[in-house]
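One letter stands for each residue in the lines below.
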Amino acid sequence: RLHRSVSPFFLLLTLLQMPSLAAAEVRTVNAQGEYRMGDRDTREDAIRMATESAKRNAEQFFEQKIRPLLAARCWECHGDKKQEAGLRLDSRDAIMKGSDAHPNLVDRQQVDQSLLLQVVSYQSEIKMPPNQQLAAADIQALKQWVVDGMHWPANSGLPTTRSAAERVSLDRQT
């Protein structure tokens, strides 16, 4: 069993960089997240399994940490009904688009320089949310989400006529 801190993305990159492998040399992941040697698995199977595992982990992280945080602390002012400063934070595309004054809200290459993270960390003239700074764990979750590619599940596109709270509630039911 590999250590739990080994990222599925790291595993995928490692597999992609390896020369052709014999079937018995490939590690695979089962439904419980355990990595084992496979007799019939090919390199492509291992890559597919690592990719699927990474996607599941990213979706779970988003649904457990990021969506509730955005819904509770951001969407009231930056959602479908109201967009202060022309900024929406209710879809990945909207976040990547940025605001009227700040089109480059996120820099995945220099995460600490991302305006999004500076604003929520109160390290900028702009401080959001304005009433109370996010908890350190929430800021760290946002940072990790940005580093990991800002995965936003494809099935999360609900009608924009619903409020942010209704979307979160509906998503949790599905």
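The shown structure was predicted, so the numbers you read here are calculated from the model rather than taken from an experiment. (Residues numbered from 1 in each chain as written. Predicted model: local features only at pLDDT ≥ 70, side-chain atom pairs only at ≥ 80, totals over all residues. Heavy atoms only, no water.)

## Some details on the overall build of the protein chain
- Along the backbone of the protein chain there are six helices and two strands.
- Counting from the amino terminus, the protein chain carries its helices and strands in the arrangement α-β-β-α-α-α-α-α.
- Burial status across the protein chain gives 37% buried among its 174 residues.
- Long-range pairs, those at least 24 residues apart, make up 46% of the contacts in the protein chain between residues at least 6 apart in sequence.
- Surface summary for the protein chain: the accessible area is close to 10900 Å², and the carbon and sulfur share equals 50%. (Helix = DSSP H or I, 4+ residues; strand = E, 2+ residues; numbered from the N terminus. Buried < 20%, exposed > 50% of the residue type's maximum accessible area, 1.4 Å probe, protein only. Contact = heavy atoms within 4.5 Å. Areas by Shrake-Rupley, 256 points an atom, 1.4 Å probe, with all protein chains shown as cover.)

## Observations regarding the pattern of salt bridges
- By the definition in use, this model includes six salt bridges.
- A salt bridge links Lys 82 to Glu 84, with the shortest nitrogen-to-oxygen separation between them at 3.1 Å.
- With a shortest N-O distance of 2.8 Å, Lys 143 and Asp 112 are connected by a salt bridge. One end of the pair, Lys 143, is in helix α5 (residues 136-147); the other, Asp 112, is in the loop between α3 (92-97) and α4 (115-120), and 31 residues separate them in sequence.
- Lys 143 sits in the partly exposed class, given a relative accessible area of 26%.
- Salt bridges sharing common partners tie together Asp 45, Arg 48 and Glu 52. (Salt bridge = Lys/Arg side-chain N within 4 Å of Asp/Glu carboxyl O.)

## A closer look at the nonpolar core
- Of all hydrophobic cores here, the largest spans 25 residues; its most connected members are Ile 95, Leu 105, Leu 142 and Trp 145.
- Secondary structure elements with two or more residues in this core: α2 (43-73), α4 and α5. (Core = buried A, V, L, I, M, F, W, Y, C linked by side-chain atoms within 4.5 Å.)

## Overview of unusual backbone geometry
- A cis amide bond, omega -15°, links Met 128 with the succeeding residue Pro 129.
- Here Pro 129 shows up in the loop between α4 and α5.
- Unlike most non-glycine residues, Tyr 122 shows phi in positive territory, near 60°.
- By the element assignment, Tyr 122 lies in the loop between α4 and α5.
- Of the residues examined, Tyr 122 reaches a relative accessible area of 24% and is grouped as partly exposed.

Coordinates in, geometry out; function isn't part of it.
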